[in-house]
Amino acid sequence: MTFNDLHKDIEQGCNCINQVGVSENTEDSFARSIKEAVLSIDDFKSYHEIGMVIRRKNCKDECKYRGVSVSKLNDNTAAIKAKWQAVKLIAPQGTKRFVCTFRLKVGAGKVWDTSNNKADAHHTLLKADGFNLASVEVKEIVPVAEF
């Protein structure tokens, strides 16, 4: 598994894969809020890939900027939904967004535990080169109100 795309033009000495808590994870299920009821590769674009400009202070911030935010699932869907509402990713009345639950396949990339042991379980997906929709096993896509 290679990560050349992830590290392209990154500050020398900053290696996202070497951050503490980064590992391949094909066992756990994850969730991501998406705009449509059908999954698109655009649903897995990082802030870096879409050209969003945000302040990055150090290597960790740069790696989070280049990764994709996902939520690790266990018995914490209420906490995840509450966090999404708090940051206005979804409106309290439930906008027309959807939740995709999925597992990563071997070689998809690595997951960085950036949760700080919080119930909303934020993690960062560091995609491997060649990541595509076949890299994920979709469990279900449901309206956010049904999550």
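Each remark here, short or long, concerns the structure printed above.
What this report covers is the structure whose coordinates are included nearby. (Residues numbered from 1 in each chain as written. Predicted model: local features only at pLDDT ≥ 70, side-chain atom pairs only at ≥ 80, totals over all residues. Heavy atoms only, no water.)

The next point concerns the pattern of salt bridges. For the coordinates displayed, the defined rule picks out 6 salt bridges. When the shortest N-O distance is used, the salt bridge between Glu62 and Arg66 registers 2.6 Å. Highlighted residues: Glu62 and Arg66, both in helix H3 (residues 59-66), separated by 4 residues, approximately one helical turn. In this pair, the class of Glu62 matches that of Arg66, namely buried. Residues participating in the shared-partner salt-bridge network are Arg56, Glu62 and Arg66. (Salt bridge = Lys/Arg side-chain N within 4 Å of Asp/Glu carboxyl O. Helix = DSSP H or I, 4+ residues; strand = E, 2+ residues; numbered from the N terminus. Buried < 20%, exposed > 50% of the residue type's maximum accessible area, 1.4 Å probe, protein only.)

Turning our eyes to something else, we now look at H3. Looking only at H3, the buried set comprises Glu62, Cys63, Tyr65 and Arg66. Looking down the long axis of H3, one finds its buried residues gathered within 160 degrees of arc, a one-sided arrangement. Next to the buried residues of H3 lie helix H1 (4-7), helix H2 (47-50), strand S3 (68-72), strand S5 (109-113) and strand S6 (122-127). Capping the start of H3, Asn58 holds a side-chain oxygen 3.2 Å from the backbone nitrogen of Lys60, two or three residues further along. (Arc of directions from axis to C-beta. Contact = heavy atoms within 4.5 Å. Polar contact = N/O pair within 3.5 Å; in protein donor to acceptor, adjacent residues only side chain to side chain.)

Read across the open sheet, the 7 strands follow the order S1-S5-S6-S3-S2-S4-S7; overall the sheet is antiparallel. Each end of this open sheet is capped by a strand with a single partner; those strands are strand S1 (22-23) and strand S7 (136-143). In this structure, S5 lies alongside S6, joined through 5 bridges in antiparallel fashion. If you follow Lys110 over to S6, its bridge partner there is Leu126. (Pairing = 2+ DSSP bridges.)

On inspection of all chains with the given rule, the structure shows 2 disulfides. Between the sulfur of Cys16 and that of Cys63 lies a disulfide, 2.2 Å long from S to S. Looking along the S-S bond of the Cys16-Cys63 disulfide, the torsion reads about -90 degrees, which is the left-handed sense. In this pair, Cys16 is assigned in the loop between H1 and S1 and Cys63 in helix H3, connecting sequence segments 47 residues apart. You can call Cys16 buried: its relative accessible area is 0%. Residue Cys63 is classed as buried on the basis of its relative accessible area of 0%. (Disulfide = S-S within 2.5 Å.)

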